[in-house]
Amino acid sequence: MTLLDWNIILSHISDLSDWLPFFVFISLPKKVRIEYDLLGAYLVSLGSLKTFTLILLTFKGPVNTMPFYHLMAIVEASFLFLFITGDFGLKKGSKTILISLLLALNLCNTLFFQGILQFNSNAWAMNTIILTGLGLSYLVLLFNDIENIVLEKSPHFIIITGLLLYFSGSLFLYIVSSEVLSKEAKGFFHNAWIIRSMADIIKSIILTYGLWIARFNTTT
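Residues numbered from 1 in each chain as written. Predicted model: local features only at pLDDT ≥ 70, side-chain atom pairs only at ≥ 80, totals over all residues. Heavy atoms only, no water.

**A few points about the packing of helix α6 (residues 92–113) against helix α7 (residues 121–143)**
Logical step 1: Between α6 and α7, whose axes approach to 9 Å, the crossing angle comes to 160°. As far as their axial angle goes, α7 and α6 are roughly antiparallel. Here α6 runs over α7; the crossing is right-handed. Residues Leu102, Leu105, Asn106, Asn109 and Phe113 of α6 form the contact with α7, whose participating residues are Asn122, Ala123, Met126, Asn127 and Ile130.
Logical step 2: A per-class count over the contact of α6 with α7 returns 6 nonpolar, 4 polar and no charged. (Axes fitted to C-alpha atoms, helices over the stretch in contact; angles between N-to-C directions. Helix = DSSP H or I, 4+ residues; strand = E, 2+ residues; numbered from the N terminus. Parallel < 35°, antiparallel > 145°, perpendicular 65-115°, else oblique. Left-handed = near helix turned anticlockwise from the far one by under 90°. Contact = heavy atoms within 4.5 Å. Nonpolar A, V, L, I, M, F, W, Y, C, P; charged D, E, K, R; others polar.)

**Some remarks on a nonpolar patch on the surface**
Logical step 1: Residues Met1, Leu3, Trp6, Ile9 and Ile13 make up a contiguous nonpolar surface patch of roughly 480 Å² in combined accessible area.
Logical step 2: Residue Ile9 is classed as partly exposed on the basis of its relative accessible area of 34%. (Patch = residues over 30% accessible without salt bridge, like charges linked within 9 Å, V, L, I, M, F, W, Y side chains within 5 Å. Areas by Shrake-Rupley, 256 points an atom, 1.4 Å probe, with all protein chains shown as cover. Salt bridge = Lys/Arg side-chain N within 4 Å of Asp/Glu carboxyl O. Buried < 20%, exposed > 50% of the residue type's maximum accessible area, 1.4 Å probe, protein only.)

**Quick look at the nonpolar core**
Logical step 1: Ranked by internal contacts, the top residues of the largest apolar core, which has 49 residues, are Tyr36, Leu39 and Leu211.
Logical step 2: Those elements that place two or more of their residues in this core are α2 (19–27), α4 (37–60), α5 (66–84), α7, α8 (155–180) and α10 (193–214).
Logical step 3: Looking at this core, the element that brings in the most residues is α8, giving 10 residues. (Core = buried A, V, L, I, M, F, W, Y, C linked by side-chain atoms within 4.5 Å.)

**Description of the environment of Ser45**
Logical step 1: Within the fold, Ser45 resides in helix α4.
Logical step 2: Placed 27 residues apart in sequence, Ser45 and Asp18 show a C-alpha to C-alpha distance of 9.3 Å.
Logical step 3: Ser45 has contacts with Val75 and Phe79, leaving out every residue within four places of it along the chain.
Logical step 4: One polar contact links the side chain of Ser45 to the main-chain carbonyl oxygen of Ala41, over a distance of 2.7 Å. (Polar contact = N/O pair within 3.5 Å; in protein donor to acceptor, adjacent residues only side chain to side chain.)

**Digging into the packing of aromatic side chains**
Logical step 1: Under the counting rule described, the total for this entry stands at 12 aromatic pairs.
Logical step 2: Aromatic side chains Phe143 and Phe157 sit 6.2 Å apart centroid to centroid with 50° between the ring planes, which places their arrangement in the tilted category. A residue pair is termed long-range when its members are at least 10 positions apart, and Phe143 in helix α7 and Phe157 in helix α8 qualify at 14 residues.
Logical step 3: Look at Phe143 and you get partly exposed, because its relative accessible area is 39%. (Phe/Tyr/Trp six-rings, centres within 6.5 Å; stacked < 30°, edge-to-face > 60°.)

**Regarding the pattern of salt bridges**
Logical step 1: Scanning the model with the defined rule gives 4 salt bridges in all.
Logical step 2: In this structure, Lys50 engages Asp18 in a salt bridge whose closest nitrogen and oxygen atoms are separated by 3.0 Å. Taken together, the residues span a long stretch of sequence, with Lys50 in helix α4 and Asp18 in the loop between α1 (3–17) and α2 at a distance of 32 residues.
Logical step 3: Given the relative accessible area of 2%, Lys50 is considered buried.
Logical step 4: Overall, the relative accessible area of 0% leaves Asp18 in the buried class.

**What about the packing of α1 against α10?**
Logical step 1: Put simply, α1 and α10 touch, their axes get as near as 8 Å, and they point 35° apart. Classified by chirality, the crossing of α10 by α1 is left-handed. Residues Leu3, Trp6, Asn7, Leu10, Ser11, Ile13, Ser14 and Ser17 of α1 form the contact with α10, whose own contacting residues are Trp193, Ile194, Ser197, Met198, Asp200, Ile201 and Ser204.
Logical step 2: Across the contact of α1 with α10, the residue classes tally to 8 nonpolar, 6 polar and 1 charged.

**Examining the confidence of the model for the chain**
Logical step 1: When pLDDT is averaged along the chain, the result is 90; 91% of the residues meet or exceed 70.
Logical step 2: Across the chain, element-level confidence peaks in α2 with a mean pLDDT of 98 and bottoms out in helix α9 (residues 187–190) with 49. (pLDDT = per-residue confidence, 0-100.)

**Quick look at the side chain of Thr85**
Logical step 1: As for its placement among the helices and strands, Thr85 is situated in the loop between α5 and α6.
Logical step 2: On the basis of relative accessibility, which here comes to 1%, the residue Thr85 falls in the buried class.
Logical step 3: With residues near it in sequence (within four places) discarded, Thr85 still touches Leu90, Lys95 and Leu134.

Set out below in structure tokens:
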């Protein structure tokens, strides 16, 4: 098997991987699940969009699925922003303004820089950098109470760590995607999508574990 074959296989697995933590999420007791509702909404929304694009490509053949990536970027940025900042003490009005600004920047990229039929790498990179900063800020808040937290049993620590690994693995692709997606898929560099696929799969596995232990331990 060539690297391109592995790229395709891992990409398909990645497209379906968000359903694994989602199924664990819906199995949580209601009083526990409510704490992770935004994460669950992120998983089902992104999972549905990715699955639809996979079905479309399978039955329709080569089609331009880039419009879905513009929508996915907005879904990921919105739900993860709200989930990560849940304990930041931000007022509802402040969150509304920040989310609106983030969505406006994504929309501006689609309208003026990378059209709906292009991969919106600028928006993905911007969103990822912002979410990475928020994730690191959350860890700082968590570590301020480190004496009262067992990290390996903290669902929030595990989930945020999984997201940060996903962000770091994906950011490389977003930054260099203008080169990756404009060449033939030959060699490691032109198959760099494999990095994002692996990061996505690892994220799903870690989120699954984090949500699984949430049923036994509600310590954040």
